[in-house]
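What the coordinates show
Chain residues, written in single-letter form:
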Amino acid sequence: MGVERIRPVRPRVPATLAYALHRLLARNGAYRRLAAYVERHPVLYRAFTAGERVTKERLFGCRMCGQCALPTTGYACPMTCPKQLRNGPCGGVSPDGSCEVDRTRTCVWVTAWTRAEGAARGADLDLLQRPVDNRQWTRSSWVNYWQGRDEGLSVAHDAEDPRPVMVDRT
Amino acid sequence: MTGLREALDSGRFVVTAELAPPRDADPGAVERKAAALRGWVDAANVTDSQGANVRMSSLAGSVLVRRAGLDPVMQLTCRDRNRIALQSDLLGAAALGVRNVLLLTGDHPTLGDHPDAKPVFDLDGVQLVWTARTLRDDGTLLSGKPLATRPSWLIGTVENPFAPPAALRARRLAKKVAAGAEFVQTQYVFDVDAFAGWLGLLRDEGVNERCAVIAGVGPIRSRRMLSFLTGRVPGVHVPDGLRRRLAGVPEHRVEEEGMRACVETVQALAALDGVRGVHLMVFGHEDEVPDIVRRAGVRHAAAREGGG
Ligand code: SF4
């Protein structure tokens, strides 16, 4: 992890389809029980995680950070940003929208913005994203998400809470 | 020592300048640069191996600048340090009397002199700003462990108003302000009209009241520098008008024309509502700063004496 060459990946499914898929996979009691069951059985967990990896790698260039940000980034994976930015584009995006590190690729955050804005979800990019827990690499983000572990991944700032706390001690 | 905080509090037009530490262990190089700037600027940004090229650390540079009687703004990037090292350096800076920090993501190592280095980027620039505010205002580490003595620096960040996606740039700064940024220094401004447009967006977001905007400015010294800035430095946008202006004079007059354009830009920015100051980027030509400040007329004699 981390030493391979990371380059922005353009998702292979349209944003609208991804948002629709998410509704299918959205958290509920059944998924939570399924996730807990899968996690208790190592062989099953490995198979499940392998399935997630294959699917999400193909579709989004997913690198298995285990703490999926896709629903808040127009389904463009921020972990394919060479700088691993979780909170939006760096200042080096070139005028044509290409990545400062690899001019042959579109900045993943330009892609994210275009896709999210196109689905009227641009405000997702205003969320403050907390740092990733590096212990979660290679773990299944679906199992984590269904069990409610993604709750604190991001927080909104608004008039009511102009300066959200970073360290969530709940 | 008066510095950036006092200048911002007083409400007058602020001038800061970039001070790059040397590529060796010579403290004298920092002292000489600081001496050239002292009295002309409110604070000097000490860069953190800028462009991913190895230099003396920004922490050491900041301490030397402070010793030379100038208020340092310590720049710190996420490029080379994980969250342990970042918090550790932030605390160390506070202990050594550094009163301002400027927190950013940093350039990718492949763009610098050690392209074979491992990129770290454990946190991003927004998260680093947020971390600093957590240390200072909440008095805890990211682990939640309490700090008996809290730092008290002013927290700054950077933004590039001209990089795509244009519609997101003001909102991205709003996010950094929510994370804790109290001042922002921008990438080079050559196009004042475009910059004014961005300021308008900031006003709509309510960012101006909570974050002091300091515009980045610098002279273009030669045709070579012009092509370097347009081609190799990420995120710099030189408008066609300025390009034509510099192309229209003979090579030996490009420097003077570039300086004139820079002074005009400073004056135009000073006249804009919502610009609290300028940040001068002179790349090793610290001796030019007094000239720019004087010609632009942005600093009063009284302030000059107070700055020393
Ligand atoms: S331009 Fe910057 S933010 Fe965009 S993908 Fe490249 S490194 Fe990441």
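Not measured: the values here are computed from a predicted model.

**Side note on the overall build of chain B**
Broken down by element type, chain B carries twelve helices and eight strands. Taking 308 residues into account, the globule formula puts the C-alpha radius of gyration at 19 Å, and chain B, at 19 Å, falls close to it. Here the C-alpha coordinates of chain B stretch approximately 60 × 45 × 45 Å along the principal axes. The contacts of chain B with a sequence gap of at least 6 include a subset with a gap of at least 24, amounting to 77%. Averaging the positions of the 39 positive and the 37 negative side-chain charges in chain B gives two centres separated by 1 Å.

**Quick look at the interface of chain A and chain B**
On the chain B side, the residues contacting the 42 residues of chain A number 42 residues. Buried area between chain A and chain B, summed over both chains or domains, comes out near 3,400 Å², and the portion from carbon and sulfur atoms is 57%. The three residues of chain A that bury the most area against chain B are A:Trp113, A:Arg163 and A:Met166, which together make up 21% of that side's buried surface. Counting across the interface, chain A meets chain B through one salt bridge. Remark: the boundary between chain A and chain B carries 19 residue pairs in polar contact (both at pLDDT 80 or more). Elements represented by at least two residues in the side of chain A that touches chain B include exactly helix H4 (108-118) and strand S1 (128-129) of chain A. Looking at which element gives the most residues to the side of chain A that touches chain B, the answer is H4(A), with three residues. Looking at the side of chain A that touches chain B residue by residue, the class counts come to 23 nonpolar, eleven polar and eight charged.

**Notes on the site of the ligand**
Around the ligand lies a shell of 13 residues, among which A:Cys81, A:Cys90, A:Cys99, A:Glu100 and A:Cys107 are the nearest. Here the shell around the ligand is composed, by residue class, of eleven nonpolar, no polar and two charged.

**Observations concerning the pairing of strand S1 (residues 14-19) of chain B**
Residues and elements named next belong to chain B. Counting buried residues in S1 gives six out of six residues, a clear majority hidden from the surface. Along S1, one buried face is formed by Val 14, Thr 16 and Glu 18 and the opposite face, lined by Val 15, Ala 17 and Leu 19, is buried too. Looking at chain direction, S1 and strand S8 (residues 277-280) are connected through four bridges and run parallel. Within S8, the residue paired with Ala 17 across the bridge is Leu 280. Across four bridges, the pairing between S1 and strand S2 (residues 43-46) is parallel. Each residue of the ladder has a partner; that of Ala 17, found in S2, is Ala 44. As a crossover connection, the stretch from S1 through helix H2 (residues 27-37) into S2 is right-handed.

**Some details on a nonpolar patch on the surface**
There is a patch of nonpolar side chains on the surface, built from A:Leu17, A:Leu21 and A:Leu24 and spanning about 270 Å² of accessible area. Structurally, A:Leu24 can be placed in helix H1 (residues 15-25).

**Here we look at the UniProt feature "domain: Methylene-tetrahydrofolate reductase C-terminal-like" (unreviewed entry) in chain A**
With numbering aligned to this structure, UniProt lists the feature "domain: Methylene-tetrahydrofolate reductase C-terminal-like" (unreviewed entry) at residues 46-133 of chain A. Within the segment residues 46-133 of chain A, helix and strand shares are 30% and 2% respectively, and the terminal C-alpha atoms sit 20 Å apart.

**A word on the side chain of B:His108**
As for its position among the elements, B:His108 is in the loop between strand S4 (100-104) and helix H5 (125-138). B:His108 gets classed as buried once you look at its relative accessible area, which sits at 6%. One polar contact links B:His108 to B:Thr110, side chain to side chain, over a distance of 2.9 Å. Setting aside chain neighbours within four positions, we find B:His108 in contact with A:Pro82, A:Lys83, A:Glu100, A:Val101, B:Ala52, B:Pro119 and B:Phe121.

**Here's the deal with the environment of B:Ala296**
Residues and elements named next belong to chain B. Within the secondary structure, Ala 296 sits in helix H11 (residues 289-296). Residue Ala 296 is classed as buried on the basis of its relative accessible area, which comes to 9%. For the pair Ala 296 and Ala 270, spaced 26 residues apart in sequence, the C-alpha to C-alpha distance is 9.2 Å. Dropping the residues within four chain positions of it, Ala 296 is found in contact with Val 263, Val 266 and Gln 267.

**Some words on the packing of aromatic side chains**
Residue and element names in this part refer to chain A. According to the stated counting rule, one finds ten aromatic pairs over all chains in the structure shown. Centre to centre, the rings of Phe 48 and Trp 142 are 6.2 Å apart; their planes meet at 70°, and the pair counts as edge-to-face. With a gap of 94 residues between them, Phe 48 in helix H3 (residues 42-60) and Trp 142 in helix H5 (residues 141-146) connect regions that are remote in the sequence. Aromatic pair Phe 48 and Trp 146: ring centres 6.0 Å apart, planes at 55°, arrangement tilted.

**A word on the sheet that holds S1(B)**
Residues and elements named next belong to chain B. Read once around its circumference, the closed barrel built from eight strands follows the order S1-S2-S3-S4-S5-S6-S7-S8, with strand pairing classed as parallel. Put simply, the sheet's adjacent strands are angled 25° from each other on average, direction ignored. Across four bridges, strand S6 (residues 183-188) lies against strand S7 (residues 212-217) in parallel orientation. Bridged to Val 184 within S7 is Val 213. Across the sheet, helix H3 (residues 58-67) lies against S1, S2 and strand S3 (72-77), angled at about 180° from S3, the strand it touches most. Contacts between helix H4 (residues 83-95) and the sheet are confined to S3 and S4, with S3 contributing the most and set at about 170° to the helix.

Cut-offs applied
Residue positions are counted from 1 within each chain, in the order its sequence is given. Whichever chain is written first becomes A and whichever ligand is written first becomes 1, with later ones labelled in order. Where local features are concerned, this predicted model is filtered to residues with pLDDT of at least 70; where side-chain atom pairs are given and counted, the filter is 80 or more; whole-chain, interface and lining totals use all residues. Side-chain metrics in this entry use all non-hydrogen atoms of the structure; hydrogen atoms and water are not considered. Working definition: helices are DSSP H or I runs of at least four residues, strands are E runs of at least two. Numbering for both runs from the N terminus. Within these notes, the globule rule equals 2.2 Å times the number of residues to the 0.38 power, and the radius of gyration is based on C-alpha atoms. We call two residues contacting when some pair of their heavy atoms lies within 4.5 Å. Charge counting treats Lys and Arg as positive and Asp and Glu as negative, with His and both chain ends excluded. Charge positions come from single atoms, namely NZ of Lys, CZ of Arg, CG of Asp or CD of Glu. The term buried area denotes the loss of accessible surface (1.4 Å probe radius) that occurs when two parts are joined, taken as the sum for both partners. Only one rule defines a salt bridge in this text: a Lys or Arg side-chain nitrogen within 4 Å of an Asp or Glu carboxyl oxygen. Side-chain atoms alone can form a polar contact between residues adjacent in sequence; in general such a contact is a pair of N or O atoms within 3.5 Å, and within protein one must be able to donate a hydrogen while the other accepts it. Each residue receives one of three labels: charged for Asp, Glu, Lys and Arg, nonpolar for Ala, Val, Leu, Ile, Met, Phe, Trp, Tyr, Cys and Pro, and polar for the others, Gly being one of them. In this text, near means that some heavy atom of the residue lies within 4 Å of the molecule or strand in question. Burial status follows relative accessibility: with a 1.4 Å probe on protein chains alone, a residue under 20% of its type maximum counts as buried, one over 50% as exposed, and anything between as partly exposed. Here, strands pair whenever DSSP counts at least two bridges between them. By definition, the crossover connecting two strands over a helix is right-handed if that path, from the first strand to the second, turns clockwise as seen with the strands pointing away from the viewer. Patch building starts from residues that exceed 30% relative accessible area and form no salt bridge, then joins like charges within 9 Å and nonpolar side chains (Val, Leu, Ile, Met, Phe, Trp, Tyr) within 5 Å. Note on areas: Shrake-Rupley, 1.4 Å probe, and residue coverage restricted to the protein chains presented here. UniProt positions are given in the numbering used here, feature names are shortened, and annotations may be inferred rather than shown by experiment. Here a pair means two rings of Phe, Tyr or Trp (six-membered ring of Trp) with centres within 6.5 Å. Their orientation is stacked below 30 degrees between planes, edge-to-face above 60, and tilted elsewhere. Only C-alpha atoms enter the line fits that serve as axes; for helices the fit covers just the stretch in contact. Angles between N-to-C directions range over 0 to 180 degrees.

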